[in-house]
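# A closer look at the structure
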Amino acid sequence: MEVKQWHRKSLLGLEELSVAEIECILRQAAQFKEDVPNPERKTDHLSGKRIVNLFLEPSTRTRIAFEIAAKSLSADVISITGKSSSLTKGETLRDTAMNVQALGADAIVVRHSSAGSSLFLSRTIDVPIINAGDGAHEHPSQALLDMFTLQENLGSLRGKKITILGDILFSRVARSNLWGLTKMGAEVTLAGPSTLVPKQFEEMGARVSHDLRESLADADAVMLLRIQHERQNSTHFPSLAEYTTMFGLNMERSKWLKPDAIILHPGPINRGVEIDSELADSSRAVILDQVKNGIAVRMAILYLCANAVTCSHND
Ligand code: CP
């Protein structure tokens with residue numbers, strides 16, 4: 001009987017997590033999921049704690065889910081955006097975080113445009129740092145909720161074929177999922193135009209495909225990604241219309257998938273570009289399930305990190 005434990009203060013990315021740690025978060029999330037829809041069953045695990053959401057890039061899903069998750073654990077939550085902070089007056093990220101810590105934060109959830117910003121803060125201040133997306137580097141809570149949703153639909157991820165399709169080069173979601181899914185035994189194909197899916201990703205354990213039909217044929221799940229215009233400073237394909245012609249998914253092309261293959265998307269969706277509306281709203285799509293699962297997964301992350309608890313599960 002093995003006891004698996006969580007010893008980390010911060011969650012910076014999935015590259016550094018072991019399989020046991022990933023499983024620990026996913027199991028804790030499953031325990032919390034039952035309680036999420038019912039406010040009367042709010043837990044007091046983080047009662048008296050202050051969680052600060054420091055979101056210096058736009059967010060809908062991640063910020064709201066972390067806020068709901070913290071409140072479901074009875075924490076006090078303060079949310080700051082870039083425009084509402086003194087970063088606009090020239091204060092550094094380090095000074096901002098040190099001041100947030102001095103004001104009594106017990107954990108800081110950070111989204112920032114720079115890769116490595118969460119790691120930097122975790123080495124600068126004492127309170128737990130939860131990475132809510134750092135540039136094109138990692139988005140661990142997103143990948144964890146994706147894996148949670150995949151497990152709900154497919155069972156064990158071992159041997160499952162997952163295709164991630166779209167702008168891989170600039171995607172922190174793709175990188176975190178690639179680390180997490182391969183550790184959990186899934187076979188990951190990264191698909192899209194060669195300019196956005198370079199062969200170098202094979203060194204991270206993925207199969208690379210530039211052929212849409214071939215990349216869909218044996219997939220158990222397809223994760224679509226939008227084009228990350230905000231991170232691209234040059235064009236990587238002639239036009240959005242041409243991207244859609246070559247790599248957009250629609251009802252007709254979904255026939256290339258296995259009948260029971262599911263479709264994921266981390267959001268925000270660009271309808272009519274990487275996926276057409278009918279398919280995004282079809283029964284194949286588990287996109288809103290991903291969003292809902294994001295609450296339980298983030299409850300688990302906050303519970304384990306901010307509470308400095310040991311997660312032990314007997315197998
Ligand atoms: N998936 C995701 O990170 O969405 P938001 O940018 O809305 O948080």
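Everything in this summary refers to the structure shown in the same document. (Residues numbered from 1 in each chain as written. Predicted model: local features only at pLDDT ≥ 70, side-chain atom pairs only at ≥ 80, totals over all residues. Heavy atoms only, no water.)

## Some points on the sheet that holds strand S3 (residues 76-81)
Here is the rule: Paired strands are those between which DSSP finds at least two bridges. Working definition: helices are DSSP H or I runs of at least four residues, strands are E runs of at least two. Numbering for both runs from the N terminus. Only C-alpha atoms enter the line fits that serve as axes; for helices the fit covers just the stretch in contact. Angles between N-to-C directions range over 0 to 180 degrees.
Overall, parallel pairing links the 4 strands, which are arranged S3-S2-S4-S5 in an open sheet. What marks the edges here is a single partner per strand, and that holds for S3 and strand S5 (129-134). Each strand of the sheet is rotated relative to its neighbour by a mean of 10 degrees, with strand direction disregarded. Sheet topology places strand S2 (residues 50-55) next to S3; 6 bridges connect them, and they run parallel. Counterpart to Arg50 in the pairing with S3 is Asp76.

## Focus: the sheet that holds strand S8 (residues 207-209)
Condition: Should any heavy atoms of two residues lie within 4.5 Å, those residues are considered in contact.
Taken in spatial order, the 5 strands make up an open sheet running S8-S7-S6-S9-S10, and their pairing is parallel. Each edge of the sheet is formed by a strand with only one pairing partner; in this case those strands are S8 and strand S10 (262-264). The sheet shows a mean angle of 25 degrees between the axes of neighbouring strands, direction not considered. Strand direction decides the pairing type here: strand S6 (residues 161-165) and strand S9 (residues 221-224), joined by 4 bridges, are parallel. Bridge pairing in S9 links Thr163 to Val222. Running over the sheet, helix H5 (residues 140-154) touches S6, S9 and S10 and is turned about 170 degrees from S10.

## Regarding the side chain of Ser209
The criterion, for reference: Only protein chains enter the area calculation, which uses a 1.4 Å probe; residues under 20% of their type maximum are buried, those over 50% are exposed, and those in between are partly exposed. Residues adjacent in sequence count toward polar contacts only when both atoms are side-chain atoms; beyond that, a polar contact is any pair of N or O atoms within 3.5 Å, and within protein one must be able to donate a hydrogen and the other to accept it.
For Ser209, the position within the fold is in strand S8. Ser209 gets classed as buried once you look at its relative accessible area, which sits at 3%. In this structure the side chain of Ser209 is engaged in a polar contact, spanning 2.6 Å, whose partner is the side chain of Glu214.

## Examining the pattern of salt bridges
Counted only if it meets this: Just to be clear on terms, a salt bridge is a Lys or Arg side-chain nitrogen sitting within 4 Å of an Asp or Glu carboxyl oxygen.
Enumeration over the complete set of coordinates arrives at 11 salt bridges. Linking Asp220 and Lys258 is a salt bridge whose minimum nitrogen-to-oxygen distance equals 2.8 Å. Of this pair, Asp220 sits in the loop between helix H7 (212-217) and S9 while Lys258 sits in the loop between helix H8 (240-247) and S10; the two residues are 38 residues apart in sequence, bridging distant segments of the chain. Judged by its relative accessible area of 15%, Asp220 is buried. Accessibility expressed as a relative area gives 28% for Lys258, which makes it partly exposed. Lys255 is paired through a salt bridge with Glu252; the nearest N and O atoms lie 3.0 Å apart. The residues Lys255 and Glu252 share a single accessibility class, namely exposed. Among the charged side chains, a network of salt bridges with common partners joins Arg8, Glu16 and Glu21.

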